[in-house]
Amino acid sequence: MTIKILNVLTGGISTDGITSAWLSICKEWKKNGTDNIEMDFLGITENSSESALTKIDQLGFKIIPVNQRIKNPYKYIKELTNILSKGKYNAIHINGSSAFMTLELIAARICGIPARITHSHNTSCSRVTIHKILTPFFKYLNTSRLACSYDAGRWLYGKQDFMVFHNGISLDKFCYDTKTRNRIRSRFGFLDNEIIIGHVGKFNYQKNHEYLIEVFENVLNFNNKARLCLFGDGENFDNIRNLVSKKGIANHVHFMGCVDNIHEYLQAMDGMILPSRFEGLPNVMIEWQAAGLPSLVSDKITKESAPNDFIHFMSLDTKPYDWAKKFIEIIEEYGNRKTQSYDAIYNLVQNNFEISHQAKELIQLYNRLCT
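Below or above, wherever it landed, is the structure these notes cover. (Residues numbered from 1 in each chain as written. Predicted model: local features only at pLDDT ≥ 70, side-chain atom pairs only at ≥ 80, totals over all residues. Heavy atoms only, no water.)

## Considering the overall build of the protein
Here is the rule: What counts as a helix is a DSSP run of H or I of at least four residues, what counts as a strand is a run of E of at least two, and both are numbered from the N terminus. To get the radius of gyration, use the C-alpha atoms; to get the globule rule, take the number of residues to the power 0.38 and multiply by 2.2 Å. Contact criterion: two residues are considered in contact whenever any of their non-hydrogen atoms come within 4.5 Å of each other. Values of accessible area rely on a 1.4 Å probe in the Shrake-Rupley scheme; residue burial ignores everything except the protein chains shown. For the purpose of counting charges, residues Lys and Arg are taken to be positive, whereas Asp and Glu are taken to be negative. His and the chain ends are not included. Charge placement uses NZ in Lys and CZ in Arg. For Asp and Glu, CG and CD serve respectively.
Along the protein, the regular secondary structure elements total 14 helices and 13 strands. What you see for the protein is a C-alpha radius of gyration of 21 Å, in line with the 21 Å of a compact globule of 371 residues. Its C-alpha atoms give the protein principal-axis dimensions of roughly 60 × 40 × 35 Å. For the protein, the share of sequence-separated contacts (at least 6 apart) that also reach a separation of at least 24 residues comes to 72%. In the form shown here, the protein has an accessible surface area of approximately 16200 Å², with 47% of it arising from carbon and sulfur atoms. The average position of the 43 basic charges and that of the 38 acidic charges among the side chains of the protein differ by 6 Å.

Laid out in structure tokens, this is it:
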């Protein structure tokens, strides 16, 4: 029996961590096959990026375009109901961070979809009032509950049972490599005595770039040879670029954009900073650990994301100066990068962050729910 699933990324198929996680799963399925699983993706066009849509398409997965999820929910539900009816799906897998996923659940219930899977990817949301209003309906309509971390599950499901399904990556791809490090650093003119700090994430409220820039400004007071590389795009991009210019540190900050080979760029970094206001379980932290990168991150991020001891947590209530001081201490005390990378990958595998494991787990889940 072929199991047909409609996958909905409520934030759009974009450059975020949720899309990245699904791309990894799709690549794994493409490599090893999905047996009896057939998956289509709902392309919510107002939030999607052409580059991400192209990647899904090139892997052979069908994308069904739809508009106006937020601006016109009624129209969206009507259009989604039509898609689900015509597609004869056995399951819907909805990825999001709030009870606003009730929209998809309503459409699936109308169409008699037996397996209605919700997948929590965060520990907060931007529409809290609507989330609270919809929560009773959300809890009634979902039939299976997943979360990328325990904290993300508790945020969305409360006392309901849920399954923690960590975001996986191809860990060996990120293993530290000296030749790649030297090549990337040479390409950008980074000197051996310069500290290269990285951050990967969309330029939005959640990622807290303003605080990151404050921290980095203080890092320069400790070491004026430091540089900051910012990977990503987003609605706050121009604001952050203007802030960097206003502070007079533009010569030390590099806006790298979105790159397809982030595993190579990470080799060139010396450490990472992630002062997020909230997170589910950020993929980037798994990648940083696999690359053996010491990191200083917000204590709003779940400890599940860090089975390795070179990830350090710090409160956002702490002054940027203290973040900077702590970061310099971490860099100076850090051990052998290659050894840390190998050990980290072993620990990540033991904690089920390897993509091959996650891809198989999903197939097993779909078979349990739909056969």
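Still to come is the rest of the account.
## Digging into the packing of aromatic side chains
Keep this limit in mind: Pairing of aromatic side chains here covers Phe, Tyr and the six-membered ring of Trp, requires ring centres within 6.5 Å, and sorts the geometry by plane angle: under 30 degrees stacked, over 60 edge-to-face, intermediate tilted. With a 1.4 Å probe rolled over the protein chains alone, any residue whose accessible area is under 20% of its type maximum counts as buried; one over 50% counts as exposed, and the rest are partly exposed. Geometrically, a lysine NZ or arginine CZ counts as sitting over a ring once it is within 6 Å of the ring centre and also within 35 degrees of the ring normal.
Within the structure shown, the criterion is met by 15 aromatic pairs. Between the aromatic rings of F310 and Y334, the centroid separation amounts to 5.9 Å while the plane-to-plane angle is 75°, which identifies the pairing as edge-to-face. Pair noted here: F310 is in the loop between β12 (295-298) and β13 (311-314) and Y334 is in the loop between α12 (320-333) and α13 (337-350), with a separation of 24 residues, a long-range link. Each member of the pair, F310 as well as Y334, is classed as buried. An aromatic cluster of three or more residues is present, and its members are W22, W29, F41 and F61. In this structure, R277 is placed above the aromatic ring of Y205, and the distance from its NZ or CZ to the ring centre is 4.0 Å. The ring of F313 carries the charged tip of K303 above its face, separated from the ring centre by 4.5 Å.

## Description of the packing of helix α4 (residues 102-110) against helix α5 (residues 128-141)
The cut-off we apply is this: Note on geometry: axes are lines fitted to C-alpha atoms, helical ones only across the stretch in contact, with angles between N-to-C directions running from 0 to 180 degrees. Oblique is the label for any angle not covered by the other classes, which are roughly parallel (under 35 degrees), roughly antiparallel (over 145) and roughly perpendicular (65 to 115). Crossing handedness is defined as follows: a turn of the near helix away from the far one that is anticlockwise and smaller than a right angle gives a left-handed crossing, while the clockwise case is right-handed. When residue character is reported, Ala, Val, Leu, Ile, Met, Phe, Trp, Tyr, Cys and Pro are called nonpolar, Asp, Glu, Lys and Arg charged, and the others, Gly included, polar.
With their axes 9 Å apart at the nearest point, α4 and α5 run at an angle of 45° to one another. Classified by the angle between their axes, α4 and α5 sit oblique to one another. The hand of the α4/α5 crossing is left-handed. The segment α4 lies against α5, with T102, L105, I106 and R109 engaging L134, F137, F138, Y140 and L141. Classifying every residue of the contact of α4 with α5 by side-chain character gives seven nonpolar, one polar and one charged.

## Examining the state of the cysteines
Applicable threshold: Defined by distance alone, a disulfide is two cysteine sulfur atoms within 2.5 Å.
Counted under the stated rule, the structure contains zero disulfides. Between C370, a cysteine without a disulfide, and C111, which holds the nearest cysteine sulfur, the sulfur-to-sulfur distance is 15 Å.

## Looking at the pattern of salt bridges
So the rule is basically this: The salt bridge definition used is simple: a Lys or Arg side-chain nitrogen within 4 Å of an Asp or Glu carboxyl oxygen.
Here the structure, examined in full by the defined rule, presents ten salt bridges. Taking the shortest distance from any N to any O, the salt bridge between R69 and E104 comes out at 2.7 Å. With R69 in the loop between β3 (62-66) and α3 (73-87) and E104 in helix α4, this pair connects stretches of sequence that are 35 residues apart. Like R69, the residue E104 is buried in the burial classification. Three or more residues joined by partner-sharing salt bridges are found here, namely R181, R185 and D270.

## Here we look at the sheet that holds strand β1 (residues 3-9)
Rule in force here: When DSSP finds at least two bridges between two strands, those strands are taken to pair.
Spatially, seven strands are ordered β3-β2-β1-β4-β5-β6-β7 in an open sheet, and the strand pairing comes out parallel. If you trace the sheet from one side to the other, it starts and ends with β3 and β7 (163-164), each paired once. Summarising the sheet, strand β6 (residues 144-147) and β7 pair through two bridges and their orientation is parallel. Bridged to L146 within β7 is M163. Strands in contact with helix α6 (residues 150-157) are β5 (115-120), β6 and β7; relative to β5, the strand with the most contacts, it is inclined by about 120°.

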